[in-house]
Amino acid sequence: MKRQAKIDIQRALEDDPSVYQYDEIYDSMKEDKQKKKTLAKADKTSKYAKNLIRNAAVRKLENDRHFERQCQKELEDEGDEFADKESFITSSYKNKLEELAVLEEEHKRMAAEEKKNDVTKKHDMTDFYRNILSQRTADVASVVAKEKKEKAE
């Protein structure tokens, strides 16, 4: 070997002692790639699964609500036929009825909001401008709050 090559090798070894350890570095690189692949496979979840599960739960609650209304209607049709009999209601059924009542309130609120925001019944642009104004004032307020916070620090 030439003298300059030996000097270059010596300098490289001084800078990094593992500069000529190809096999060990290559093996560790392969292991890192394998670990990343297995982590990627393990972390991979469906991006729509959460929405599907949530929508299924909402549909189930709506189905239950419909069934309860149907049962209530049948009870009203029976009238006083079973008025002298005892009725038993479990705590889980009470909880279910409360949950259905909350859902009913949510539906009423959403329907009222939808009726209020119905575009076909509006004849002018006042709501449009009110929305723009509220967004801009909210933006300005957030900027002012950030500036006050930065000054306080």
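Along each chain, residue indices are assigned from 1 in the same order as the chain's sequence is written. For a predicted model such as this one, the threshold for reporting local features is a pLDDT of at least 70, and the threshold for listing and counting side-chain atom pairs is 80 or more; totals across whole chains, interfaces and linings nevertheless cover every residue. Each side-chain value is worked out from all heavy atoms of the structure, with water and hydrogens disregarded.

1. With respect to the overall build of the chain
Consideration 1: Along the backbone of the chain there are 5 helices and 0 strands.
Consideration 2: What you see in the chain, going N to C, is helices and strands ordered as α-α-α-α-α.
Consideration 3: Note that the radius of gyration is over C-alpha atoms, with the globule rule given as 2.2 Å times the number of residues to the power 0.38. Over its C-alpha trace the chain gives a radius of gyration of 35 Å, far above what one expects of a compact globule, namely 15 Å for 153 residues.
Consideration 4: Once the C-alpha set of the chain is aligned to its principal axes, its extents read approximately 110 × 50 × 35 Å.
Consideration 5: Each residue's exposure class comes from its accessible area (1.4 Å probe, protein chains only) as a fraction of the maximum for that residue type: buried when under 20%, exposed when over 50%, partly exposed otherwise. Looking at the chain as a whole, 3% of its 153 residues are labelled buried.
Consideration 6: Just so you have it, the chain exposes about 15,000 Å², and 55% of that area is on carbon and sulfur atoms.
Consideration 7: Each charge sign in the chain was given a centre, from 34 positive and 35 negative side chains, and these centres are 8 Å apart. Helix and strand assignments come from DSSP, with helices taken as H or I runs of at least 4 residues and strands as E runs of at least 2, each series counted from the N terminus. Note on areas: Shrake-Rupley, 1.4 Å probe, and residue coverage restricted to the protein chains presented here. For the charge count, each Lys or Arg is scored as positive and each Asp or Glu as negative, with His and the chain ends excluded. The atoms used to mark charge sites are NZ of Lys, CZ of Arg, CG of Asp and CD of Glu.

2. Things to note about the side chain of Arg65
Consideration 1: Mapped onto the fold, Arg65 is located in helix H3 (residues 49–78).
Consideration 2: With relative accessibility at 12%, the residue Arg65 sits in the buried group.
Consideration 3: Any two residues having at least one pair of non-hydrogen atoms within 4.5 Å are treated as being in contact. If near-sequence neighbours (up to four positions away) are discounted, Arg65 is found in contact with Leu100, Leu103, Glu104 and His107.

3. Digging into the side chain of Glu68
Consideration 1: Summarising the element assignment, Glu68 is placed in helix H3.
Consideration 2: Whenever a carboxyl oxygen of Asp or Glu lies within 4 Å of a side-chain nitrogen of Lys or Arg, that contact is scored as a salt bridge. Although Glu68 lies buried, it forms no salt bridge, and the closest oppositely charged side chain, Lys96, sits 4.5 Å away as judged by the N-O distance.
Consideration 3: Ignoring any residue separated from it by four or fewer positions in sequence, one finds Glu68 in contact with Tyr93, Lys96, Leu97 and Leu100.

4. Some points on the pattern of salt bridges
Consideration 1: Inspection of every chain in the model, using the stated rule, returns 4 salt bridges.
Consideration 2: Ionic pairing is found between Arg65 and Glu104, a salt bridge with its closest N-O pair at 2.6 Å. You can see Arg65 sitting in helix H3 and its partner Glu104 sitting in helix H4 (residues 91–116), a full 39 residues away along the chain.
Consideration 3: In this structure, Arg109 and Glu106 form a salt bridge, with 2.5 Å as the shortest nitrogen-oxygen distance. Taken together, the residues Arg109 and Glu106, both in helix H4 and 3 residues apart, mark about one turn of the helix.
Consideration 4: Note on Arg109: relative accessible area 41%, which makes it partly exposed.

5. Things to note about the packing of H3 against H4
Consideration 1: Angular values range over 0 to 180 degrees, each being the angle between N-to-C directions of two axes fitted as lines to C-alpha atoms, with helices fitted over their stretch in contact. Running from N to C, H3 and H4 cross one another at 105°; their axes reach a closest spacing of 10 Å. Taken together, H3 and H4 sit at an angle that is classed as roughly perpendicular. Across from Leu61, Glu62, Asp64, Arg65 and Glu68 in H3, the residues of H4 making contact are Tyr93, Lys96, Leu97, Glu99, Leu100, Leu103, Glu104 and His107.
Consideration 2: The residue makeup of the contact of H3 with H4, split by class, is 5 nonpolar, 1 polar and 7 charged. Reported orientations rely on four angle classes, namely roughly parallel under 35 degrees, roughly antiparallel over 145, roughly perpendicular from 65 to 115, and oblique for the rest. Put simply, Ala, Val, Leu, Ile, Met, Phe, Trp, Tyr, Cys and Pro go in the nonpolar bin, Asp, Glu, Lys and Arg in the charged bin, and everything else, Gly too, in the polar bin.

6. Overview of the environment of Asp127
Consideration 1: Relative to the helices and strands, Asp127 resides in helix H5 (residues 126–152).
Consideration 2: The spatial distance from the C-alpha of Asp127 to the C-alpha of Glu62 is 32 Å, given a sequence separation of 65 residues.

7. Observations concerning the packing of aromatic side chains
The geometry of an aromatic ring pair is captured by two quantities: the separation of the ring centres and the angle between the planes.
Consideration 1: Ring pairs are drawn from Phe, Tyr and Trp, using the six-membered ring of Trp, whenever the two centres fall within 6.5 Å, and their geometry is named by plane angle: stacked under 30 degrees, edge-to-face over 60, tilted for the rest. A full pass over the atoms with the stated rule returns 1 aromatic pair.
Consideration 2: A ring pair is formed by Phe128 and Tyr129, whose centres lie 5.4 Å apart and whose planes are at 65°; its orientation type is edge-to-face.
Consideration 3: Overall, the relative accessible area of 52% leaves Tyr129 in the exposed class.

8. Digging into a negative patch on the surface
Consideration 1: Exposure above 30% relative accessible area and the lack of any salt bridge qualify a residue for a patch; like charges then connect within 9 Å, and the nonpolar side chains Val, Leu, Ile, Met, Phe, Trp and Tyr within 5 Å. A cluster of acidic residues, Asp23, Glu24, Asp27, Glu31 and Asp32, forms a negative patch on the protein surface.
Consideration 2: Inspection of the secondary structure assignment puts Asp27 in helix H2 (residues 22–43).
Consideration 3: Residue classification places Asp27 among the partly exposed positions, given a relative accessible area of 46%.

9. Side note on the environment of Glu150
Consideration 1: Mapped onto the elements of the fold, Glu150 is located in helix H5.
Consideration 2: Here Glu150 falls in the exposed class, since its relative accessible area comes to 58%.
Consideration 3: Each C-alpha atom of the pair Glu150 and Tyr129 lies 32 Å from the other, and the pair is 21 residues apart in sequence.

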